[in-house]
Amino acid sequence: MDRDAYHNCSSLVKMPRQSYEQFWSSHFVDYIDKELSYSKFFRKYLLPNHPCMFSRRFTENWKCRKQWVTEEGKPNFQKLLQEFDESPVPVANCNAKEYNANPKQVMPLKEFIHYWKEYIQNGHSSPKGCLYLKDWHMSRDFPDHDVYTTPVFFSSDWLNEYWDTLEVDDYRFVYMGPKGSWTPFHADVFRSYSWSANICGRKKWLLYPPGQEDFLRDTHGNLPYDVTSAELQDRGLFPQFEEACQPLEIIQEAGEIIFVPSGWHHQVYNLEDTISINHNWLNGCNIDIMWQFLQNELSSVQKEIEEWRNTMDSWHQHCQVIMKACSGIDYSEFASFLKIVAENRMAFLNACSSGDSSDYSRHLSETLTALGPYHAAFDLQRVAHIIECLLCNEDFKRLDHSTSTLQPETLLQQIRDTIQSTRGQHLLYQE
């Protein structure tokens, strides 16, 4: 990222509601078919939290676009079976509802492919329902299968950087579904960004910008399972539905990549037999949205078990446990997440300033090198801001930090020292 982009965004500005309304009235998503600098994507889409679509030229060299797809543009079942025959994969039933999602089962890929072939032969129908392979951690399960490359625009990815460090999980997925399969109305995990590339097939996306989902809640405060359902017309059940904007409808063709911004609720349909690759990701541009989401999640838990507050000595810790079970993370792990992100960038900037090639190569990832010191400094400023918020948060103060390998106050000071020292060596503020 260049110096001007860094200076212009060092004080992060959220997109005002008026800007969303102006964007909405145009009912248009930018289609990117030419070379685009990372700095321009950063300023035009990441910071303002705007969706966009990248043309198929950005995926044309991916191996999976050639190996997983027939000459007719259909899923190459034979090749998929050769590579992943017995691999266990998660499969959802789109015809069944479990809370506000679809129930899943795990089966060998070959069993799903057998079903998919029969589904096509039967005119895209089956007594088993419409099954959809989704959230398969293919990259984690097959790290040597280098079948695609994350575009640089999506490479500042704190979420997967953290999970890769722990070597436990990731948020990189493969989806495979027949025509008619779909994903119910939702916003992505931790209110992260997502990008989704169609390897073959076509999708229809219905997107609502942040805040619009509140008009779609029923009288109990629940979001709809299917945002196109006729029941939303019932004012007695969905009293504010008519106040909501019409969704932004986007058709995504084979090879195209959609950028779904942070906190945008959406519902997605496969219009043809489709394979896609999806990543969820976070960085300095939307970390404040994640922090707000976590505060809202904890608040919801606290309200649910408020009646036991005075009868449990460990009530606040129980709230954290329930929060993690529901959302996948608690405040302590969020602090650990910030710590790892910060330490990687401090090591990078210190290596840059020292000129020590051994230190440089040991601590430096290809992503940090490609994005450069201005971006690393921006990341550190954003981490520092969130740590400051944590230290002022009453619920975070109540947690026991005695077992932590690095106290938040100490980490915050280290970040400030790193930014100050590298600034003095003209790494960040070269004129």
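Placed above this text is the structure.
Quick caveat: nothing in here was measured; it's all calculated off a predicted structure.

We now examine the overall build of the chain. When helices and strands are tallied, the chain shows 15 helices and 13 strands. Per-residue burial for the chain yields a buried fraction of 52% across its 431 residues. Relative to all contacts within the chain whose residues are 6 or more apart in sequence, the contacts with residues 24 or more apart total 78%. For the chain, the exposed area adds up to about 20200 Å²; of that, 47% sits on carbon and sulfur atoms.

Before going further, it helps to examine the sheet that holds strand 9 (residues 203-208). If you walk across this open sheet you meet the four strands as 7-12-9-10, and the pairing is antiparallel. Strands at the two margins of the open sheet, each flanked by one partner only, are strand 7 (182-186) and strand 10 (248-252). Adjacent strand axes in the sheet meet at a mean angle of 15° when their direction is disregarded. Alignment of strand 7 against strand 12 (residues 265-270), held across three bridges, turns out to be antiparallel. Among the inter-strand pairings, Thr183 is bridged to a residue of strand 12, identified as Val268.

Moving on, we come to the pairing of strand 9. For strand 9, the tally of buried residues reaches five of six residues, placing the bulk of the element in the interior. The sheet contact formed by strand 9 and strand 10 spans five bridges and is antiparallel. Counted as the bridge partner of Lys203 is Gln252 from strand 10. Where strand 9 lies against strand 12, six bridges are found, and the strand directions are antiparallel. For Leu207, the partnering residue across the bridge sits in strand 12 and is His266.

Here we take up the packing of aromatic side chains. Within this structure, the stated rule accounts for 42 aromatic pairs. Pairing Phe58 with Phe153 gives two aromatic rings, centres 6.0 Å apart and planes at 70°, and the pair type is edge-to-face. A residue pair is termed long-range when its members are at least 10 positions apart, and Phe58 in the loop between strand 2 (52-54) and helix 4 (63-67) and Phe153 in the loop between helix 7 (138-141) and helix 8 (158-166) qualify at 95 residues. In this structure, Phe58 and Phe153 share a single accessibility class: buried. Aromatic side chains Tyr193 and Trp281 sit 4.8 Å apart centroid to centroid with 50° between the ring planes, which places their arrangement in the tilted category. Linking Tyr193 in strand 8 (residues 193-200) with Trp281 in strand 13 (residues 274-281), this pair joins segments that are 88 residues apart in sequence. Judged by relative accessible area, Tyr193 falls into the buried class, the value being 0%. Judged by its relative accessible area of 0%, Trp281 falls in the buried class.

Enumeration according to the criterion identifies one cavity of 30 Å³ or more in this entry. Element by element, the count of residues in the lining of the largest cavity is highest for helix 8, at three residues. The residues that make up the lining of the largest cavity include at least three from each of domain 1 (24-209 + 245-281) and domain 2 (286-427).

In this model helix 11 (residues 331-354) runs 34 Å from its N-terminal to its C-terminal C-alpha over 24 residues, within 8% of the 34 Å that 1.5 Å per residue would give. Among the residues of helix 11, the N-terminal cap falls to Asp330, whose side-chain oxygen and the backbone nitrogen of Ser332 are separated by 3.3 Å.

Let us look at the pattern of salt bridges. For the coordinates displayed, the defined rule picks out 20 salt bridges. Between Arg57 and Glu35 there is a salt bridge whose closest N-O contact spans 3.5 Å. On the criterion of sequence distance, the pair formed by Arg57 in the loop between strand 2 and helix 4 and Glu35 in the loop between strand 1 (30-32) and helix 3 (38-46) is long-range, its members being 22 residues apart. A residue is classified by how much of its surface remains accessible, and Glu35, at 66% relative accessible area, is exposed.

Sheet architecture is open: nine strands sit in the order 1-2-11-8-13-6-5-3-4, paired in mixed fashion. Looking at strand neighbours, the two that pair on one side only are strand 1 and strand 4 (104-108), the edges of this open sheet. Each adjacent strand pair in this sheet contributes to an overall mean axis angle of 25°, direction not counted. The pairing of strand 6 (residues 172-177) with strand 13 spans six bridges and is antiparallel. Counted as the bridge partner of Val174 is Ile277 from strand 13.

Here the focus is the layout of surface pockets. Quantified by volume, the second largest pocket comes out at close to 840 Å³. Thr150, Ser155, Asp164, Arg172 and Thr367 are, among the 31 residues lining the second largest pocket, the residues nearest its centre. Broken down by secondary-structure element, the contributors of at least two residues to the lining of the second largest pocket are helix 8, helix 11 and helix 13 (366-391). Its residues assigned to classes, the lining of the second largest pocket comprises nine nonpolar, 14 polar and eight charged. Looking at which domains feed residues into the lining of the second largest pocket, each of domain 1 (24-209 + 245-281) and domain 2 (286-427) supplies at least three.

A few words now on the packing of helix 9 (residues 287-304) against helix 11. Two elements in contact, helix 9 and helix 11, have axes separated by 11 Å at closest approach and are oriented at 170°. What the angle tells us is that helix 9 and helix 11 run roughly antiparallel. The handedness of the crossing between helix 9 and helix 11 is left-handed. Residues Ile287, Met290, Trp291, Leu294, Gln295 and Leu298 of helix 9 form the contact with helix 11, whose own contacting residues are Tyr331, Phe334, Phe337 and Leu338. By residue class, the composition of the contact of helix 9 with helix 11 is nine nonpolar, one polar and no charged.

Cut-offs applied
- Residues numbered from 1 in each chain as written.
- Predicted model: local features only at pLDDT ≥ 70, side-chain atom pairs only at ≥ 80, totals over all residues.
- Heavy atoms only, no water.
- Helix = DSSP H or I, 4+ residues; strand = E, 2+ residues; numbered from the N terminus.
- Buried < 20%, exposed > 50% of the residue type's maximum accessible area, 1.4 Å probe, protein only.
- Contact = heavy atoms within 4.5 Å.
- Areas by Shrake-Rupley, 256 points an atom, 1.4 Å probe, with all protein chains shown as cover.
- Pairing = 2+ DSSP bridges.
- Axes fitted to C-alpha atoms, helices over the stretch in contact; angles between N-to-C directions.
- Phe/Tyr/Trp six-rings, centres within 6.5 Å; stacked < 30°, edge-to-face > 60°.
- 1 Å grid on protein atoms, 1.4 Å probe; cavity = no way out; pocket = protein on both sides within 12 Å on 5 of 7 lines; lining within 4 Å.
- Points joined across faces, edges and corners; volume = space filled by probe spheres on them.
- Domains from an automatic or database assignment.
- Expected span 1.5 Å × (residues − 1).
- Polar contact = N/O pair within 3.5 Å; in protein donor to acceptor, adjacent residues only side chain to side chain.
- Salt bridge = Lys/Arg side-chain N within 4 Å of Asp/Glu carboxyl O.
- Nonpolar A, V, L, I, M, F, W, Y, C, P; charged D, E, K, R; others polar.
- Parallel < 35°, antiparallel > 145°, perpendicular 65-115°, else oblique.
- Left-handed = near helix turned anticlockwise from the far one by under 90°.

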